[in-house]
Each structure stands twice: as structure tokens, then as C-alpha cells.
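Below are the chains, spelled out letter by letter.
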Amino acid sequence: MVKNSLVLAPSILAADCAALGDAVGKIKNAGLKWVHFDVMDAHFVPNLSFGPQFLKRLRELYPDMFFDVHLMMDNPHLYIDAFASAGASLINVHLEPDFPLAETLREIHLKGLKVGITIKPKTSVFELAPYLPFVDLAMLMTVEPGFGGQTIVENAHERIAALKKLREEMKLNFRIEIDGGVTAQNVSNCIKAGADTIVAGTAFFKHTDELLAAIAAENK
Ligand SMILES: O=C(CO)[C@H](O)[C@H](O)COP(=O)(O)O
């Protein structure tokens, strides 16, 4: 059975956008290594966020942090080079848009980065299967992507458990990441269902101590 270490990846989407450097500092001071970057193109999702130049500057300030880059974009393959050069540690692309997905996963891997794939809440977990042998991490969006601060979808636990079962059946060991609506109150059940990599924006930046305590309780 796969037992990946538990990782909390705070999303800086929920931080003060005028002080992103301080936000990464807060993550580091909490003893965490992963930082989640939500990149939005106003096409795949109805919102815009940050581009590679933000990542590049934060990489200069924080050379040792793990930058988990979630591309919510229709054409993510056109930006792999830019985000890799800017300092991404992992690049995560969605399954849903029409672009050369398999080639893009290979390109991310060949650049020496960790490879992630993501699905929206209404996409079947089983659609991930052909790509799972080629990724280090599979992420389930637990809200409709585009905005922070939403409520977690009702079937999050079932979807996490289904992905965990698929991972066991396929004898793989990719990480299972969840993103959206995670709180100190619901994180334990998500971890029990099989999530090992937790993205949290609002909960981390607004309720830091409660979230860290809830995760620490599951990490014993
Ligand atoms: O990908 C995202 C939105 O598309 C965010 O990462 C996600 O919603 C996390 O934010 P919060 O923890 O505030 O729900």
C-alpha cells in the first residue's frame, strides 16, 4: 500500500497580492516547503491571476521552496517552458482542454520537473487512468476552478477514495492532491479518504493555527 508523506501546499491565491513575498515567507516560517500557484487564463476559468514573472521573482527570494504550479489554462503546453525557466518544481495541467496532453506531460518530465495532472469536479476520475503511469501527482479539484474561498464539493471523499483505489489497482504511487474548499474541519476526512497533498488557500491564510493543528493530528 502506498504511504506518501502528508504535504500541505498553501495557495498564494488567497494571500495579499501586494505582498506575495511575505506570503511565501509565512509558508516557510510555518515549516512548510510547498507553495501552490494558481495560474488562470480567463478562458479555461473565468478569472486571471499570475504569470511566470511572479514565480521567477519568488524563486529568487525562496530558492529552496517547492513550487507547485497549477495551470488552469486552455493552452498550457505553450507555457511549460516559461514556467519551467521561472522556477517551477512541479507543473500540473488539466485533462479537460483540447491540447497535446501526453506530449505535454512528457515535456514537463524531460525538463526535470515533477509532473501533475488535474481534473475538475465533474470529470470522471477514471478518465485519468491512461495518464497516471506518467505523473508524479494527480489532483482532484474539490471546487469548480477559478476562485478561492468556495465550499468543498459534496462527493469529494468518494472521488478521493476512487482515485486511491485506482492507484492501488494500477500499482502506482503518485501523490493524490486536492484543491478547493479545504478547511480545518473537513481536512481530516479528506486525508482519511486518501488525499496526501492538501492545497489550502483561505484556510491557511485566514485560519492558520486551526488548519495546521488539524493536519498535525492526522500526521502522527
Ligand atoms: O485552484 C483554486 C481555485 O481555482 C484554489 O487553489 C483553490 O480554490 C484553493 O482555494 P481555497 O482553499 O480558498 O478554496
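Residues numbered from 1 in each chain as written. Predicted model: local features only at pLDDT ≥ 70, side-chain atom pairs only at ≥ 80, totals over all residues.

1. Considering the site of the ligand
The environment of the ligand is formed by 22 residues, the closest being Ser11, Pro145, Gly148, Gly201 and Thr202. Elements represented by at least two residues in the shell around the ligand include exactly strand S2 (34–40), strand S8 (197–200) and helix H7 (202–206). (Near = placed C-beta within 6 Å. Helix = DSSP H or I, 4+ residues; strand = E, 2+ residues; numbered from the N terminus.)

2. As for the sheet that holds strand S3 (residues 66–72)
Read from one edge of the open sheet, 8 strands run S1-S8-S7-S6-S5-S4-S3-S2, paired in parallel fashion. The outermost strands of the open sheet, each flanked by one partner alone, are strand S1 (7–10) and S2. Across the sheet, the mean angle separating the axes of adjacent strands is 20° when strand polarity is ignored. Where S2 and S3 come together, 7 bridges link them in parallel fashion. Counted as the bridge partner of His36 is Asp68 from S3. Strands strand S4 (90–94) and strand S5 (114–119) of the sheet are contacted by helix H4 (residues 101–110), whose axis makes an angle of about 150° with S5. (Pairing = 2+ DSSP bridges. Axes fitted to C-alpha atoms, helices over the stretch in contact; angles between N-to-C directions. Contact = placed C-beta atoms within 7 Å.)

3. Observations regarding the packing of helix H1 (residues 20–29) against helix H2 (residues 52–61)
For any two helices packed against each other, the geometry comes down to the angle between their axes and how far apart the axes lie. Look at H1 against H2: their axes get within 10 Å of each other, and the N-to-C directions meet at 50°. Considered as vectors, H1 and H2 are oriented oblique to each other. Of the two possible hands of crossing, H1 and H2 adopt the one that is right-handed. Of the residues in H2, those in contact with Leu20, Gly21 and Val24 of H1 are Phe54, Leu58 and Leu61. Each residue belonging to the contact of H1 with H2 can be placed in one class, and the counts come to 5 nonpolar, 1 polar and no charged. (Parallel < 35°, antiparallel > 145°, perpendicular 65-115°, else oblique. Left-handed = near helix turned anticlockwise from the far one by under 90°. Nonpolar A, V, L, I, M, F, W, Y, C, P; charged D, E, K, R; others polar.)

4. Considering the pairing of S3
Of all the 7 residues making up S3, 6 are buried; the element is thus mostly covered by neighbouring parts of the structure. Handedness of the S2-H2-S3 crossover: right-handed. Pairing analysis gives 4 bridges linking S3 to S4, with the strands arranged parallel. Opposite Leu71, over in S4, you have Val93 as the bridge partner. Regarding the hand of the β-α-β motif, the stretch spanning S3, helix H3 (residues 80–86) and S4 is right-handed. (Buried ≥ 20, exposed ≤ 12 C-beta atoms within 10 Å, placed from the backbone. Right-handed = clockwise from strand over helix to strand, strands pointing away.)

5. Topic: the confidence of the model for the chain
When pLDDT is averaged along the chain, the result is 97, and 100% of the positions lie at 70 or above. Across the chain, S5 holds the top mean pLDDT of 99, while helix H8 (residues 208–218) sits lowest at 97. Under the prediction, the complex receives an ipTM of 0.96, its pTM being 0.97. (pLDDT = per-residue confidence, 0-100.)

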